[in-house]
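In case you want the letters, here they are:
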Amino acid sequence: MDDTYWDAAKDNPLKQGYFSHVHPGTLKPEDASGQNANRKNWNSVGDHLPAYLENLYLGTRDPQFLKRLQQLGALIATHFPDPKSPFVNERFFADWTPDHGYAWQQNRGVIGHNLKIAWCLTRLYHLTGDRQFLKVAQECGDQMLLFGQDGRRGGWYDVIERLPDPETGRYELTWHDRKAWWQQEQGILANYILHAETGDQKYLASARAGAAFYNMAFLDRDDGDVFFDVQADGTPYLLGDRGDKGSHSKSGYHNMELTYFAHLYTNLLLKKRPVVLHFAPCLEAGGKTFQVQPISLPPGRVGIASVTLGGKPWTNFDAKAFTVVLPQWQQPELLTVTLAPLP
């Protein structure tokens, strides 16, 4: 990714970031087709933070990955917020000039991207202590409480015009008032983690309303999995590919991520209950320090309570550092770690 997609503008550190597309032959962003040439967007710059890069750092503790996380967080905090709109800019030219003419999106805000920025920057604050990340996260979260959330039924809408209608002064919904499954994940998790960090009840109320709407409307109790879209009142929307459980844009990722993170946040940070995690280390992990922190968490709030290895108690661990020193072995053994709030 760094060799092919990273904009290594050494003369201007804040001109960096990942391009969204490159030409398959030349591997150059300027040769990408049409409106994708020399473009950057939320998906290319920030979407991989929770999907991959944070886990890569937590699993290795390699400082180069933390540095990249900080760089991307700074780019998001600098270029995405827009003082003229409650919604962030999401698409850019190579020099970070906002692109408000791109294909379908034009000058519109995707609610889930705003929520995901709030979620990701709060997590980067936990990793780095940079309060600018928390400041921007709260600003995004607060705006979505006002402009992105369905305050009556719970859940979050899809796409909204970034500027108000000149006649009504309202920020109008684009195309429809439906709600997409993946955007509910971002709203639930962003508000859970903002509540855990700030203690503000408005975030907890939003997360709970969103979770209640998701559980009521999105779970397909007849055929399994979750619906792609539901209407504002929770009625499943099943026309065209919206009736498919899998497609070019829908697989298991957001479903599994939501259940995993909500389980960890609810128990460790809200209910103050322990969580048990199971690991299957490979043969080569024997004799090494094994990282077990599953996600970024508020520093000093959670640690390892106990460990078993092969079903037997194991005491060679650092509770606050989330590390377990494994023995030399000929055959790997199952590692079970109990995380709990620290006293």
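Here, every reference points to the structure presented above.
Residues numbered from 1 in each chain as written. Predicted model: local features only at pLDDT ≥ 70, side-chain atom pairs only at ≥ 80, totals over all residues. Heavy atoms only, no water.

Chemist: Honestly, the overall build of the protein in this entry has me stumped. Any pointers?
Modeler: Counting its secondary structure elements, the protein contains 9 helices and 14 strands. Taken against the 2.2 N^0.38 rule, which gives 20 Å for 343 residues, the C-alpha radius of gyration of the protein at 21 Å falls within 12% of a compact globule. Projected onto the principal axes, the alpha-carbon positions of the protein cover approximately 70 × 50 × 40 Å. The 343 residues of the protein split such that 51% are buried. When contacts within the protein are restricted to residue pairs at least 6 apart in sequence, long-range pairs at least 24 apart make up 63% of them. Surface accessibility of the protein: about 16,100 Å² in total, with carbon and sulfur atoms responsible for 52%. (Helix = DSSP H or I, 4+ residues; strand = E, 2+ residues; numbered from the N terminus. Rg over C-alpha atoms; globule rule 2.2 N^0.38 Å. Buried < 20%, exposed > 50% of the residue type's maximum accessible area, 1.4 Å probe, protein only. Contact = heavy atoms within 4.5 Å. Areas by Shrake-Rupley, 256 points an atom, 1.4 Å probe, with all protein chains shown as cover.)

Chemist: What exactly am I supposed to notice about the sheet that holds strand S6 (residues 229-230) here?
Modeler: Backbone-to-backbone hydrogen bonds pair the strands of a sheet. The strands run either parallel or antiparallel. Spatial strand order, S5-S6-S7: 3 strands in an open sheet with antiparallel pairing. Strand pairing shows two members of the sheet lacking a second neighbour, strand S5 (179-180) and strand S7 (236-237), which therefore form its edges. Judged from the 2 bridges that link them, S6 and S7 form a sheet pairing that is antiparallel. Across the sheet, the residue bridging to Val-230 is Pro-236, located in S7. (Pairing = 2+ DSSP bridges.)

Chemist: Teacher, can you tell me more about the sheet that holds strand S11 (residues 312-313) here?
Modeler: The strand order S8-S14-S10-S11 describes an open sheet built from 4 strands, whose pairing is antiparallel. The strands lining the two open edges of the sheet, one partner per strand, are strand S8 (275-279) and S11. By the bridge criterion, 7 bridges tie strand S10 (residues 302-309) to strand S14 (residues 335-341) in an arrangement that is antiparallel. Bridge pairing links Val-307 to Val-337 in S14. The strands touched by helix H9 (residues 253-270) are S8, S10 and S14; relative to S8, the strand with the most contacts, the crossing angle is about 135°. (Axes fitted to C-alpha atoms, helices over the stretch in contact; angles between N-to-C directions.)

Chemist: Sorry, what's going on with the pairing of S10 here?
Modeler: Side chains on a regular strand alternate between the two faces of the sheet. Sheet analysis places S10 next to S11, joined by 2 bridges and oriented antiparallel. By the bridge assignment, Thr-308 is partnered in S11 with Pro-313. If you look at the hairpin formed by S10 and S11, you'll find 2 residues sitting between the two strands, and Gly-310 has a positive phi there, around 60°.

Chemist: Please clarify how helix H5 (residues 111-128) should be interpreted in this entry.
Modeler: Note on helix geometry: an α-helix contains 3.6 residues per turn, so any two residues three or four positions apart are oriented the same way. In this model, H5 (18 residues) spans 26 Å end to end at C-alpha, consistent with the 26 Å of a helix rising 1.5 Å per residue. Judged by how many residues are buried, H5 sits mostly within the fold: 17 of 18 residues are covered. Gly-129, located one to two residues past H5, shows a positive phi value of around 75°. (Expected span 1.5 Å × (residues − 1).)

Chemist: I'm lost on the nonpolar core in this one. Help?
Modeler: One recurring pattern in soluble globular proteins is that nonpolar side chains are buried together. By size, the foremost hydrophobic cluster in this structure holds 90 residues, and its most contacted members are Phe-80, Tyr-265, Val-292, Leu-335 and Val-337. Here this core gets 10 residues from one element, more than from any other, and that element is H5. The residues touching Leu-335, leaving out its near neighbours within four places in the chain, are Leu-277, His-278, Phe-279, Pro-281, Phe-290, Val-292, Val-307, Thr-308, Leu-309, Val-324 and Leu-326. (Core = buried A, V, L, I, M, F, W, Y, C linked by side-chain atoms within 4.5 Å.)

Chemist: In this structure, what is going on with the pattern of salt bridges? I would like to understand it.
Modeler: Opposite charge on two side chains lets them pair, provided their charged atoms get close. Taken as a whole and judged by the stated rule, the model has 18 salt bridges. In this structure, Arg-68 and Asp-2 form a salt bridge, with 3.1 Å as the shortest nitrogen-oxygen distance. Here Asp-2 lies in helix H1 (residues 2-5) and Arg-68 lies in helix H4 (residues 63-79), a separation of 66 residues in the sequence. For Asp-2, a relative accessible area of 40% puts it in the partly exposed group. It is possible to trace a salt-bridge network through shared partners that takes in Arg-178, Asp-229, Asp-241 and Arg-242. (Salt bridge = Lys/Arg side-chain N within 4 Å of Asp/Glu carboxyl O.)

Chemist: Hey, could you run me through unusual backbone geometry in this one?
Modeler: Excluding glycine, residues mostly have negative phi values, and the peptide bonds linking residues are mostly trans. The phi torsion at Asp-225 lies on the positive side, around 65°, for a residue other than glycine. Examined against the element boundaries, Asp-225 turns out to sit in the loop between helix H8 (201-217) and S6. Here Asp-225 falls in the partly exposed class, since its relative accessible area comes to 40%. The backbone phi angle of Lys-272 is positive, close to 55°, even though this residue is not glycine.

Chemist: Explain the environment of Ala-74 here, please?
Modeler: Of note, Ala-74 is situated in helix H4. Its relative accessible area of 27% is what places Ala-74 among the partly exposed residues. Spatially, the C-alpha atom of Ala-74 lies 17 Å from that of Leu-115, the residues being 41 residues apart in sequence.

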